[in-house]
Amino acid sequence: MLRAIRRRGAVEQIPPSAPEERVPWRLRLTEDVDAAIARDPAVHSRVEVVLGYPGLHTIWLHHAVTHPLWLRGHRLSARLISQWMRGRTGIEIHPGARIGRRFFIDHGNGVVIGETAEIGDDVMIYHDVTLGGRSLAKVKRHPTIEDGVVIGAGARVLGPITVGTGAQIGANAVVVRDVPAGAVVVGVPGKARMPGGEALPDAPTPTPPTPDDVLVDPAIWI
């Protein structure tokens, strides 16, 4: 059933989220360490990954503590713990974000993942990446990142867009439109191409914002 949210006299309809997959903790830890070893040639041992990779520490805290607290309604506690971890690692993952399996954050510092962001399986992002919003409304306002996506350092992926399976976002790109599966996006604003170099047509002009929205440079919202 749709959930109604009242804001400034308006009623907005938000579909409920699908149930999240429950993963045994031993399996999750093993998968995450294996994913880090496979994606980072600088790794020398499993112990190094477990003890010295802040991206994994932040993800594990999100799965084990802050996201479950958020889902149970303990939202202040979840936010305070996530902010404590942000101070420790430089990585900010909102407790409401939905994150899949084998997610890997390389280097990590400066990463921001917003409340309504959704991240699939086998996704990799580098430092200083923002999965941000472009609206002040309490709606789905952050990106959906499908399975197998790689997002380069400094990229900004903004708004309730979808980055398709296996897509690659280049370093420092600013992405504000849907990205097809398998595409490569570079530039500001981001331009999508297929791996063979074929340019994709620009997306249609977005629907004009409602009065509740604020017209600003989307790059400032995180």
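See the structure shown above.
Residues numbered from 1 in each chain as written. Predicted model: local features only at pLDDT ≥ 70, side-chain atom pairs only at ≥ 80, totals over all residues. Heavy atoms only, no water.

**Student:** I keep staring at helix α1 (residues 25-39) and nothing clicks. Help me out?
**Tutor:** Quick reminder: α-helices carry 3.6 residues per turn. Residues three or four places apart thus point the same way. Between its first and last C-alpha atoms α1 spans 21 Å; for 15 residues at 1.5 Å apiece the expected length is 21 Å, and the two agree. Arg28, Glu31, Asp32, Val33, Ala35 and Ala36 are the residues of α1 that are buried. Contacts from the buried residues of α1 go to α2 (46-52), α3 (54-71) and β5 (104-105). (Helix = DSSP H or I, 4+ residues; strand = E, 2+ residues; numbered from the N terminus. Expected span 1.5 Å × (residues − 1). Buried < 20%, exposed > 50% of the residue type's maximum accessible area, 1.4 Å probe, protein only. Contact = heavy atoms within 4.5 Å.)

**Student:** Honestly, the packing of α1 against α3 in this entry has me stumped. Any pointers?
**Tutor:** A pair of packed helices can be characterised by two numbers: the angle between their axes and the separation between those axes. Packing of α1 against α3 leaves a shortest axis separation of 12 Å and a crossing angle of 155 degrees. Judged by the inter-axis angle, α1 sits roughly antiparallel to α3. As for how α1 packs across α3, the hand of that crossing is right-handed. Seen from α1, the contacting residues are Trp25, Arg28, Leu29, Asp32, Val33 and Ala36; seen from α3, they are Leu56, Trp60, His63 and Ala64. Of the residues belonging to the contact of α1 with α3, the class tally is seven nonpolar, one polar and two charged. (Axes fitted to C-alpha atoms, helices over the stretch in contact; angles between N-to-C directions. Parallel < 35°, antiparallel > 145°, perpendicular 65-115°, else oblique. Left-handed = near helix turned anticlockwise from the far one by under 90°. Nonpolar A, V, L, I, M, F, W, Y, C, P; charged D, E, K, R; others polar.)

**Student:** I would appreciate a short explanation of the sheet that holds strand β17 (residues 191-193) in the present structure.
**Tutor:** Hydrogen bonds between backbone groups are what pair the strands of a sheet, and the pairing can be parallel or antiparallel. Read from one edge to the other, the open sheet built from six strands follows the order β5-β8-β11-β14-β16-β17, with strand pairing classed as mixed. In the strand order of this sheet, the two ends are held by β5 and β17, each with one partner. Bridge count between strand β11 (residues 150-151) and strand β14 (residues 168-169): two bridges; the pairing is parallel. Directly across from Ile151, in β14, lies its bridge partner Ile169. (Pairing = 2+ DSSP bridges.)

**Student:** Help me understand empty space enclosed by the protein, please; the structure alone is not making it clear to me.
**Tutor:** Empty space left among the atoms is revealed by rolling a probe the size of a water molecule over them. Tallying each qualifying case throughout the model produces one cavity of 30 Å³ or more. Space inside the largest cavity adds up to approximately 50 Å³. Taken together, Thr58, Leu61, His62, Thr66, Ser82, Met85, Ile91 and Ile93 make up the full set of residues lining the largest cavity. Among the secondary structure elements, those contributing two or more residues to the lining of the largest cavity are α3 and α4 (75-89). By residue number, the principal contributor to the lining of the largest cavity is α3, which donates four residues. (1 Å grid on protein atoms, 1.4 Å probe; cavity = no way out; pocket = protein on both sides within 12 Å on 5 of 7 lines; lining within 4 Å. Points joined across faces, edges and corners; volume = space filled by probe spheres on them.)

**Student:** What should I look at first to understand a nonpolar patch on the surface in this one?
**Tutor:** On the surface, a cluster of nonpolar side chains totalling about 280 Å² of accessible area is made up of Val47, Val50 and Leu51. Looking at where Val47 falls in the secondary structure, it is placed in helix α2. For Val47, a relative accessible area of 54% translates into the label exposed. (Patch = residues over 30% accessible without salt bridge, like charges linked within 9 Å, V, L, I, M, F, W, Y side chains within 5 Å. Areas by Shrake-Rupley, 256 points an atom, 1.4 Å probe, with all protein chains shown as cover. Salt bridge = Lys/Arg side-chain N within 4 Å of Asp/Glu carboxyl O.)

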